[in-house]
There are 2 protein chains.
Amino acid sequence: MTTVAFIGLGIMGGPMAGHLVNAGFDVVGYNRSQAKVDALVAAGGKGATSIADAVREADVVAIMVPDSPDVRQVLAGSDGTDGVFQNAKPGTLIIDFSSIRPDVTTELAAQAKEQGFRLLDAPVSGGEAGAKNAALSIMVGGEKDDFDAAADVFNAVGKTVVHVGPNGAGQTVKAANQLIVAGNIQLLAEAVAFVEAYGVDTEAALKVLGGGLAGSKVLDQKGANMLGRTFNPGFRIELHHKDLGIVTSAAREAGVVIPLGAVVAQLMASAVANGDGGLDHSALLRGVLRLSGQNPDSPSDSAS
Amino acid sequence: MTTVAFIGLGIMGGPMAGHLVNAGFDVVGYNRSQAKVDALVAAGGKGATSIADAVREADVVAIMVPDSPDVRQVLAGSDGTDGVFQNAKPGTLIIDFSSIRPDVTTELAAQAKEQGFRLLDAPVSGGEAGAKNAALSIMVGGEKDDFDAAADVFNAVGKTVVHVGPNGAGQTVKAANQLIVAGNIQLLAEAVAFVEAYGVDTEAALKVLGGGLAGSKVLDQKGANMLGRTFNPGFRIELHHKDLGIVTSAAREAGVVIPLGAVVAQLMASAVANGDGGLDHSALLRGVLRLSGQNPDSPSDSAS
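Bear in mind the structure is a predicted one, so any value in this text is a computation, not a measurement.

Turning our attention to the overall build of chain A. If you tally the helices and strands in chain A, you get 15 helices and nine strands. In terms of overall size, chain A behaves like a compact globule, its C-alpha atoms giving a radius of gyration of 20 Å where 304 residues would be expected to give roughly 19 Å. Here the C-alpha coordinates of chain A stretch approximately 65 × 45 × 35 Å along the principal axes. By sequence separation, contacts in chain A at least 24 residues apart represent 65% of the contacts at least 6 residues apart. Total accessible area on chain A is roughly 11,300 Å²; 49% of this is exposed by carbon and sulfur atoms. With 22 positive and 32 negative side-chain charges, chain A shows a separation of 1 Å between the mean positions of the two kinds.

As structure tokens, then:
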């Protein structure tokens, strides 16, 4: 049986580790807060009290943590002895599901190779619902052989799994994903504020918009949040803000000019500055209402 | 048998009139260029040589023309004698499928009512493919009774048909639709230019983006245009430019601030200024390439 060490059992990593248990993998989980480890053990996995313990016997190390420095620390360790690189078996396949900077992924993949490991960057899209339903989109960068070797792991947690290029390519596509998603949310928010201002039946409007060329996953999944002014995460604005930092700086590096990406990055920053960082990214609507002189805490007319 | 006069047999109106023939309506078509009328006659409809001739015996008058002044002229006439208002039977139901200014629709609906007619604003989304496949989304403003009376006509040409409010509401929702579509296209264009710059497998990237929260009708229908640099309309940039003029001025009237809408309206204007007005709106990619110092006429690396 293949043993998978799973580092990071949060909103995304927790359900993903559970799906691996259900698919027959021997899963050893590690998380800084013990409660998440206990939940995995209750679901049929094993718990570890350190990264070193988790990865020692693993064939595959899966990582799902928030940001570039977190992945760096999981791999290289905090003191040079307690990371994956110092404790995993030679040849172990490392799958980083986290969304981080493409250049950091490329650097970490090179380090992994030097030390005899194989690394795939495999960021996901589909959110909490995608994680719970094993329906994630997974954009994978790295060697094709390693991608093929990881097929059973990917298929246990994802629905659309695609190899998009060498190391870093997965993160690049994820950055593009976050650009599109942020912008599509902001556009939907502007459209909602617009039709509300004209007293249109907003539920009917979203229905018909969803049936035409304006239709999108964002409209299907976030429209009701906006009409009802309910913004429980979901995917937090502070994390999307981090991701837009990645995409704007990566676009700048490449000399690609992204006007809407730049503006929505500013609007996401404004949401954080206004204290909305802990809300779902659909709360970009609150920023449109603020800009338009409306109270973002008032219910919409259509909801009242 | 219900007689429908159909004014405007272009890319959208032509196939819509054909579906009405197939649904059993007695369709009399008028178009400024005779070739379009001949095509309708070949498909089983009748031809008229003037608006007056077309509408004289009609129970329903359907209109599909490019812009606000065109609808005004069809209804009120060019010389005060040759429009729908002067020649149609009292009580005729007028269905305006055109996308025009909401305030003009409201004004024309009031004029229609004064003269004993009923008018629905019923702009559509779904493009040429939606028109050909009778799969349009139709956003309808006007009296509920008139909406119900028009059900057979709507169902012959559309799939998602929704009454969204009083006269003008259909045009308001269409304006919101055009805001979302333009923005979603621009965001996809920025994402495509971004992943191309990093040498990612762009076809694989679009596949995995489409499977996650970035998925949209725009991505499904316009992604291949962008990768292949093929921008035959489809929906022309000059028409979308007209629509963004409607949405930005209507938002301004309502005091709703739409930052991404404003930027994409400028980018659409730039596309017109650069001679791309006759291309499909997916050619917004050419603007991203120009802004990024690339030759928009070069094939993409992935296509070469």
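Here the narrative resumes.
This part takes up the pattern of salt bridges. Charged atoms that come close allow side chains of opposite charge to pair. Under the criterion given, the structure shown has 30 salt bridges over all chains. The partner of B:Lys89 in a salt bridge is B:Asp59, with the nearest N and O atoms 3.2 Å apart. With a gap of 30 residues between them, B:Lys89 in the loop between helix H5 (84-87) and strand E5 (93-96) and B:Asp59 in the loop between helix H3 (51-55) and strand E4 (60-63) connect regions that are remote in the sequence. Take B:Lys89: its relative accessible area is 32%, and that puts it in the partly exposed class. Residue B:Asp59 is classed as partly exposed on the basis of its relative accessible area of 31%. Here B:Asp297 and B:Arg286 are joined by a salt bridge, their closest N and O atoms 2.9 Å apart. Of this pair, B:Asp297 sits in the segment after helix H15 (284-291) while B:Arg286 sits in helix H15, and the two are eleven residues apart along the sequence. In this structure B:Asp297 comes out as exposed when scored by relative accessible area, which is 58%. Here the salt bridges share partners, and the residues they tie into one network are A:Asp276, A:Arg286, A:Arg290 and A:Asp297.

Below, the discussion takes up empty space enclosed by the protein. Residue and element names in this part refer to chain B. Counted under the stated rule, the structure contains three cavities of 30 Å³ or more. Volume-wise, the largest cavity comes out at about 50 Å³. Taken together, Ser 99, Ile 100, Gln 171, Lys 174, Ala 175, Gln 178, Asp 243 and Ile 246 make up the full set of residues lining the largest cavity. The set of elements that each furnish at least two residues to the lining of the largest cavity consists of helix H10 (169-197) and helix H13 (237-254). At four residues, H10 tops the list of elements feeding residues into the lining of the largest cavity.

All right, on to the UniProt feature "domain: 3-hydroxyisobutyrate dehydrogenase-like NAD-binding" (unreviewed entry) in chain A then. When the UniProt feature table is mapped onto this chain, "domain: 3-hydroxyisobutyrate dehydrogenase-like NAD-binding" (unreviewed entry) is found at residues 168-286 of chain A. End-to-end, the C-alpha atoms of residues 168-286 of chain A are 34 Å apart, and along that stretch the chain is 73% helix and 0% strand.

With that settled, consider the relation of the copies chain A and chain B. Its rotation angle being 180 degrees, the transformation that places chain A on chain B also includes 0.0 Å of axial translation and leaves an RMSD of 0.0 Å. What the rotation and shift describe, once combined, is the action of a two-fold rotation axis. Judged by C-alpha distance, A:Ser216 is the residue of chain A that lies nearest the rotation axis, at 1.9 Å. Take the interface residues of chain A: 100% of them recur as interface residues in chain B, which is what a same-surface contact looks like.

Quick look at the packing of aromatic side chains now. Residues and elements named next belong to chain A. By the definition in use, this model includes ten aromatic pairs over all chains. Ring geometry for Phe 194 and Tyr 198: centres 5.4 Å apart, planes at 65 degrees, overall edge-to-face. Among the aromatic residues, those joined into a ring-pair cluster are Phe 6, Phe 97, Phe 147 and Phe 154.

What follows covers the interface of chain A and chain B. On the chain B side, the residues contacting the 67 residues of chain A number 67 residues. Surface buried jointly by chain A and chain B totals about 5,500 Å² across both partners, of which 74% is contributed by carbon and sulfur atoms. The largest share of the area that chain A buries against chain B comes from A:Phe194, A:Leu213 and A:Leu260, three residues that together contribute 15% of it. Applying the counting rule to chain A against chain B returns zero salt bridges. Taken together, the links from chain A to chain B amount to 26 residue pairs in polar contact (both at pLDDT 80 or more). Broken down by secondary-structure element, the contributors of at least two residues to the side of chain A that touches chain B are strand E8 (136-141), strand E9 (158-165), helix H10 (169-197), helix H11 (202-211), helix H12 (217-228), helix H13 (237-254), helix H14 (259-273) and helix H15 (284-291) of chain A. With 20 residues, H10(A) is the largest single contributor of residues to the side of chain A that touches chain B.

The rules behind these values
- Per chain, residues are indexed from 1 in the order of the written sequence.
- Just so you know, chain letters begin at A and ligand numbers begin at 1, following the order they were written in.
- Only residues with pLDDT of at least 70 are given local features in this predicted model, and only at 80 or more are side-chain atom pairs given and counted; all residues enter the totals for whole chains, interfaces and linings.
- Each side-chain value is derived from all of the structure's non-hydrogen atoms; neither hydrogens nor water enter the calculation.
- Helix and strand definitions here come from DSSP, where helices need a minimum of 4 consecutive H or I residues and strands a minimum of 2 consecutive E residues; each element is numbered from the N-terminal end.
- The reference for a compact globule is 2.2 Å times residues^0.38; the radius of gyration itself is calculated from the C-alpha atoms.
- Throughout, a residue-residue contact means that at least one pair of heavy atoms, one from each residue, lies within 4.5 Å.
- Exposure was quantified through the Shrake-Rupley algorithm and a 1.4 Å probe, taking into account, for residues, occlusion by the shown protein chains and nothing else.
- Positive charges are assigned to Lys and Arg, negative charges to Asp and Glu, while His and the chain termini are left out of the count.
- For charged residues, the charge sits on one atom: NZ in Lys, CZ in Arg, CG in Asp, CD in Glu.
- Criterion for a salt bridge: a side-chain nitrogen of Lys or Arg within 4 Å of a carboxyl oxygen of Asp or Glu.
- Only protein chains enter the accessibility calculation, which uses a 1.4 Å probe; a residue is then buried when its area is under 20% of its type maximum, exposed when over 50%, and partly exposed in between.
- Of the two site types, the cavity is a set of points on a 1 Å grid over the protein atoms alone where a 1.4 Å probe fits but cannot get out, and the pocket is an open set with protein on both sides within 12 Å along at least five of seven lines, each lined by residues with an atom within 4 Å of a point.
- Grid points are joined across faces, edges and corners, and a volume is the space filled by probe spheres set on the points.
- UniProt positions are given in the numbering used here, feature names are shortened, and annotations may be inferred rather than shown by experiment.
- Superposing the copies works by least squares over the C-alpha atoms of residues that have pLDDT at least 70 in both of them.
- For this analysis, a ring pair means two rings from Phe, Tyr or Trp (six-membered ring only for Trp) whose centres lie within 6.5 Å, classed as stacked if their planes differ by under 30 degrees, edge-to-face if by over 60, and tilted for the remaining angles.
- Buried area is understood as the total, over both parts, of accessible area removed when two parts are fitted together, assessed with a 1.4 Å probe.
- Think of a polar contact as two N or O atoms within 3.5 Å of one another; within protein, one of them needs to be a possible hydrogen donor and the other a possible acceptor, and neighboring residues in sequence only count if both atoms come from side chains.

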